[in-house]
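Report on the structure
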Amino acid sequence: MPSPKPLAVVFGCSGLELTAEERAFFVKTQPLGFILFQRNCDSPDQVRALVDELRGCVNHKLAPVMIDQEGGRVARLKPPHWPEFPTAKAYADLYRQDPQKGLEASQLGGRLIAYELADLGITINCAPVLDVPQAGADPIIGDRAFGGDVETISVLAKAFMDGLMRGGVAPVIKHIPGHGRALVDSHKALPLVDAGRDVLEAIDFVPFRALHMAAWAMTAHVVYQSLDADRPATLSPTVIKEVIRKQIGFQGVLVSDDLSMQALSGDFAERTRASLEAGCDVALHCNGDVGEMIEVARGACMMARTGWARYKLGELHRAAATRPFKKNADWARARQRFNTLLG
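All of the points below concern the structure found in this document. Every value quoted in this text rests on a predicted model; they were computed, and no experiment measured them. (Residues numbered from 1 in each chain as written. Predicted model: local features only at pLDDT ≥ 70, side-chain atom pairs only at ≥ 80, totals over all residues. Heavy atoms only, no water.)

This part covers the environment of F11. Relative to the helices and strands, F11 resides in strand β1 (residues 7-11). The spatial distance from the C-alpha of F11 to the C-alpha of D289 is 9.6 Å, given a sequence separation of 278 residues. (Helix = DSSP H or I, 4+ residues; strand = E, 2+ residues; numbered from the N terminus.)

All told, the structure shown has 13 aromatic pairs when counted by the stated rule. Both rings, one in F26 and one in F34, keep their centres 5.0 Å apart while their planes meet at 70°; by these two values the pair is edge-to-face. Comparing F26 with F34 shows no difference in burial state: the two are buried. Seen in terms of ring centroids, Y91 and F160 are 6.5 Å apart; in terms of plane orientation they differ by 45°. Their pairing is tilted. With a gap of 69 residues between them, Y91 in helix α3 (residues 88-97) and F160 in helix α5 (residues 150-166) connect regions that are remote in the sequence. Members of the aromatic cluster, each reached through a chain of ring pairs, are F85, Y91, F146, F160 and F338. Sitting over the face of the ring of F325, R111 holds its NZ or CZ atom 3.8 Å from the ring centroid. Sitting over the face of the ring of F268, R271 holds its NZ or CZ atom 4.6 Å from the ring centroid. (Phe/Tyr/Trp six-rings, centres within 6.5 Å; stacked < 30°, edge-to-face > 60°. Buried < 20%, exposed > 50% of the residue type's maximum accessible area, 1.4 Å probe, protein only. Lys NZ or Arg CZ within 6 Å of the ring centre and 35° of its normal.)

Strand order in the closed barrel formed by eight strands is β1-β2-β3-β6-β7-β9-β11-β12, with parallel pairing between adjacent strands. Sheet analysis places strand β9 (residues 216-219) next to strand β11 (residues 253-258), joined by three bridges and oriented parallel. Bridging across to β11, W216 finds its partner in V253. Helix-sheet contacts for helix α9 (residues 268-278) involve β1 and β12 (282-285), and the interaxial angle to β12 is about 145°. (Pairing = 2+ DSSP bridges. Contact = heavy atoms within 4.5 Å. Axes fitted to C-alpha atoms, helices over the stretch in contact; angles between N-to-C directions.)

Looking now at the pairing of strand β2 (residues 31-36). β2 sits mainly inside the fold: six of its six residues count as buried. Bridge analysis of β1 against β2 gives three bridges, and the strand direction is parallel. Bridge pairing links F11 to F34 in β2. Assessed by its sense of winding, the connection that carries the chain from β1 through helix α1 (residues 20-29) to β2 is right-handed. Alignment of β2 against strand β3 (residues 65-67), held across three bridges, turns out to be parallel. Among the inter-strand pairings, L36 is bridged to a residue of β3, identified as I67. Assessed by its sense of winding, the connection that carries the chain from β2 through helix α2 (residues 44-55) to β3 is right-handed. (Right-handed = clockwise from strand over helix to strand, strands pointing away.)

Right, let's get into the nonpolar core. Counting 106 residues, the largest nonpolar core has F26, L36, W216 and F250 as the members making the most contacts within it. Apart from residues lying up to four places away in sequence, W216 is in contact with L32, M66, I124, A170, P171, V172, I173, F250, V253, V255 and Y311. (Core = buried A, V, L, I, M, F, W, Y, C linked by side-chain atoms within 4.5 Å.)

Before going further, it helps to spend a moment on the pattern of salt bridges. Applying the stated criterion to the full structure yields 21 salt bridges. Between K174 and E70 there is a salt bridge, with the nearest N and O atoms lying 2.8 Å from each other. With K174 in strand β7 (residues 170-176) and E70 in strand β4 (residues 69-71), the pair connects residues that are 104 residues apart, well separated along the chain. The burial state of K174 is the same as that of E70; both residues are buried. If you follow the salt bridges from partner to partner, you end up with D68, E70, R76, R144 and K174 in one network. (Salt bridge = Lys/Arg side-chain N within 4 Å of Asp/Glu carboxyl O.)

What follows is the structure in structure tokens.
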């Protein structure tokens, strides 16, 4: 008899190891997976132990463990135990000078990040950013973007994704359908975008359409007034079903951005329920606050059959694409070439 589907939630945890309360909560609720932050990462052995401890709480095989390791200012794994990686903008700068070298560097960047993550048991990286930054927008995206035009972003992000997949790590394209016009940081407030639908279709949606085959995507906590003036994309059936699923064509696992961000209002059960009812496959809660997680679980449900199927298909694709370094010398040569390209 097949095991029951997990709860449609990815949770964070508070520290370097699970508390007894966290462990009991995860065993009881059986979430799909987990996400790590810098507060959870002290050394390689400690992270491996935490990843094993998290997976040991749930019954389904190889629960996803996620992290945000973009490079630049968004990196949860830090020196001295883990290398620094450049911003996405660095690949775009190189691409302008030499497109072939820019593409090679982006692919190697993804490949080398995947090497670090896979070594820890982490299977999902919340990158790349596909947002198209616009003049006057809040700097929250800024140098996290793979350039300033849709073609550059699309080709460089595709190379980065290919590198991640070859390393055994699935990418998450974000923040669908586009965060580049937001005038405020959605961690702090709810952005309102007044661009017309024709403008969004011609610019903001383009990288997401180009890379719609990704296994995972993360929503934007942004209100697009020409699409749904009343609800941010994360909570909008119109945006998710008509734009993300149909127009953009994304058919993978759709995960909300963090439900604890201040762009959203209402209690955590309401936020969770609204995101899942709107069409997200999975709700994401990051900060490790057990009281909030209890409310998230109260508003959640088991993964829908379609969402669970999307996850399993993505895992098959990740396994099929994996081409690990055969020996340390291969990794060393790749790292040397990467450093040479980026000077």
